[in-house]
Amino acid sequence: MHALSRIGRVGFASSRALLGSPAARMSAGAGDPSKNPAVGRLRELVQLDSAVGWDKSWEAGITPWDLGKPTPIVEHLVNSGTLPKGRALVPGCGTGYDVVALASPDRFVVGLDVSSVAVEKAKQWSSSLPNADYFAFVADDFFNWKPSEQFDLIFDYTFFCALDPSLRLAWAETVSGLLKPDGELITLIYLISDQEGGPPYNNTVTDYQKVLEPLGFKALLMEDNEVAIKPRKGREKLGRWKRCQHRPSL
Ligand SMILES: C[S@@+](CC[C@H](N)C(=O)[O-])C[C@H]1O[C@@H](n2cnc3c(N)ncnc32)[C@H](O)[C@@H]1O
């Protein structure tokens, strides 16, 4: 682990014409969600009824965050050999590209998503892959799901910012309960501000600190994601968190 470095918000590049990939289309609507119809519609759907809304967004193909491939940092981390082995969880896994990229004989990965439509899509494309014995997809609500064992690694990418902000403390408590005492939480934080559409809520590094630090988590690393896809370059922070022995006083 590296020392904590460069915590803070990055500057936002001005919106450019970045049409093409789904991620690019999402960023192209920066400025106001109404300028990005996909993000505006997604917000409407999930704010009405979260679980039903996510299913509807998957059914309708309103998935502007979906890269259609693993997040490059996941492959980078796997190749670095620094990730915990054992059991890993990807909550809000969507189509599951990151789940598959993390899975290996040394690491069994569970992809969890509240949308059964997303989980079906994930299973469809991945079930005959050579490493299919090393991952599984589960359709359930992160806040209610009770696995038989805790995890050595939890990887969150655009899940925290998919939840209503009132659920952030519960997110941190649930992460804490699902993670082994010496387990690692990795948050790939897609910084979304009021000036941008998001999947679908705004979030900053401070939002994570506020709910994780009182539970004893410390970011041992917080740095720019140098391998972010082009439209998200300069807008992503990689955070690697572990619990410290002594909790900061409240
Ligand atoms: C913005 S998407 C991100 C998907 C994936 N992490 C990615 O980067 O492509 C958020 C995902 O979280 C799922 N989700 C939302 N609320 C959830 C909950 N309470 N439990 C499990 N999954 C949830 C949604 O169905 C959706 O697939």
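Residues numbered from 1 in each chain as written. Predicted model: local features only at pLDDT ≥ 70, side-chain atom pairs only at ≥ 80, totals over all residues. Heavy atoms only, no water.

An unreviewed UniProt entry annotates the chain as Thiol methyltransferase 2 of Zizania palustris.

1. A look at the packing of helix H3 (residues 50–60) against helix H6 (residues 116–126)
The cut-off we apply is this: Lines fitted to the C-alpha atoms define the axes, with helices restricted to the stretch that makes contact. Angles between their N-to-C directions range from 0 to 180 degrees. A run of H or I in DSSP becomes a helix once it reaches four residues, and a run of E becomes a strand once it reaches two; helices and strands are each numbered from the N terminus. Our angle categories are set so that under 35 degrees counts as roughly parallel, over 145 as roughly antiparallel, 65 to 115 as roughly perpendicular, and the remainder as oblique. Any pair of residues with heavy atoms lying within 4.5 Å of one another is described as a contacting pair. All residues other than Ala, Val, Leu, Ile, Met, Phe, Trp, Tyr, Cys, Pro, Asp, Glu, Lys and Arg, Gly among them, are scored as polar; the first ten of these are nonpolar and the last four charged.
Packing of H3 against H6 brings their axes to within 7 Å, and their N-to-C directions diverge by 45°. If you check the angle between H3 and H6, you find them oblique. Listed contacts from H6 to Asp55, Trp58 and Glu59 of H3 are Ser116, Val117, Ala118 and Lys121. When its residues are assigned to classes, the contact of H3 with H6 shows three nonpolar, one polar and three charged.

2. Examining the environment of Leu220
Within the element layout of this structure, Leu220 appears in strand E6 (residues 217–224). For the pair Leu220 and Arg243, spaced 23 residues apart in sequence, the C-alpha to C-alpha distance is 9.6 Å.

3. Side note on unusual backbone geometry
The condition that has to hold: Each residue's exposure class comes from its accessible area (1.4 Å probe, protein chains only) as a fraction of the maximum for that residue type: buried when under 20%, exposed when over 50%, partly exposed otherwise.
A positive phi angle, close to 50°, is found at Thr158, a residue other than glycine. Structurally, the position occupied by Thr158 is in the loop between strand E4 (151–157) and helix H7 (168–178). What makes Thr158 buried here is its relative accessible area of 15%.

4. What about the site of the ligand?
Put simply, the rule is: Near residues are defined by distance, with any heavy atom within 4 Å of the molecule or strand qualifying the residue. N or O atoms closer than or at 3.5 Å make up a polar contact, with two conditions inside protein: a donor-capable atom paired with an acceptor-capable one, and, for residues adjacent in sequence, both atoms drawn from side chains. The Shrake-Rupley method, run with a 1.4 Å probe sphere, supplies the accessible areas, and residue values consider only the shown protein chains as cover. Site definitions follow a grid-based scheme: protein atoms alone, a 1 Å grid, a 1.4 Å probe that fits but cannot get out for cavities, and for pockets an open set with protein on both sides within 12 Å along at least five of seven lines, plus lining residues having an atom within 4 Å of a point. Think of it this way: if more than half of a molecule's atoms are within 2 Å of a pocket's grid points, that molecule is in the pocket or cavity.
In the vicinity of the ligand, 19 residues are found, and the nearest of them are Gly92, Asp113, Phe142, Tyr157 and Thr158. In this structure, Val114 approaches the ligand through a main-chain N or O atom, which is 3.0 Å from a nitrogen atom. In the model, a nitrogen atom of the ligand is placed 2.9 Å from a nitrogen or oxygen of the Phe142 main chain. Considered on its own, the ligand offers 600 Å² of accessible surface; in the complex 95% of this is hidden by protein. For the ligand, the cavity whose grid points lie within 2 Å of the majority of its atoms is the largest pocket.

5. A closer look at the packing of H7 against helix H8 (residues 205–212)
For clarity, the cut-off: Left-handed describes a crossing whose near helix is turned anticlockwise from the far helix by less than a right angle; the clockwise case is right-handed.
Contact pair H7 / H8: the axes reach a minimum separation of 9 Å and the direction vectors enclose 60°. Our classification of the angle between H7 and H8 gives oblique. Handedness of the H7/H8 crossing: right-handed. Across the interface between the two elements, Arg168, Leu169, Trp171 and Ala172 of H7 pack against Asp207, Tyr208, Val211 and Leu212 of H8.

6. Comments concerning H8
For H8, the tally of buried residues reaches six of eight residues, placing the bulk of the element in the interior. For H8, every residue scored as buried is listed here: Val205, Asp207, Tyr208, Gln209, Val211 and Leu212. Contact partners of the buried residues in H8: H7, strand E5 (179–190), E6 and strand E7 (236–243).

7. Quick look at the packing of aromatic side chains
How we decide: Any two of the Phe, Tyr and Trp rings considered here, Trp counted by its six-membered ring, make a pair once their centres fall within 6.5 Å; the pair's planes then place it as stacked at under 30 degrees, edge-to-face at over 60, or tilted in between.
Across all of its chains, the model carries eleven aromatic pairs by this definition. Centre to centre, the rings of Trp54 and Trp65 are 5.6 Å apart; their planes meet at 70°, and the pair counts as edge-to-face. Pair noted here: Trp54 is in helix H3 and Trp65 is in the loop between H3 and helix H4 (72–80), with a separation of eleven residues, a long-range link. Assigned by exposure class, Trp54 and Trp65 land together as buried.

8. Concerning the layout of surface pockets
The following threshold applies: Grid points are joined across faces, edges and corners, and a volume is the space filled by probe spheres set on the points.
The space that makes up the largest pocket amounts to roughly 560 Å³. Elements with a contribution of two residues or more to the lining of the largest pocket: H3, strand E1 (86–91), helix H5 (97–102), strand E2 (107–113) and E4. Taken together, the residues of the lining of the largest pocket break down into 21 nonpolar, seven polar and seven charged. Reported here for the second largest pocket is a volume of approximately 190 Å³. Taken together, 14 residues form the lining of the second largest pocket, with Ile73, His76, Leu77, Glu223 and Leu238 sitting closest to its centre. Residue assignment for the lining of the second largest pocket shows that the elements contributing at least two residues are H4, E6 and E7. At four residues, H4 tops the list of elements feeding residues into the lining of the second largest pocket. Here the lining of the second largest pocket is built from residues that sort into five nonpolar, five polar and four charged.

9. Side note on the sheet that holds E1
Here is the rule: We treat two strands as partners when DSSP finds at least two bridges between them.
With respect to topology, seven strands assemble into an open sheet ordered E3-E2-E1-E4-E5-E7-E6, the strand pairing being mixed. A single partner strand is all that each edge strand has here, and the edge strands are strand E3 (135–139) and E6. Across the sheet, the mean angle separating the axes of adjacent strands is 20° when strand polarity is ignored. The sheet contact formed by E1 and E4 spans two bridges and is parallel. In the strand pairing of E4, Ala88 is matched with Leu153.

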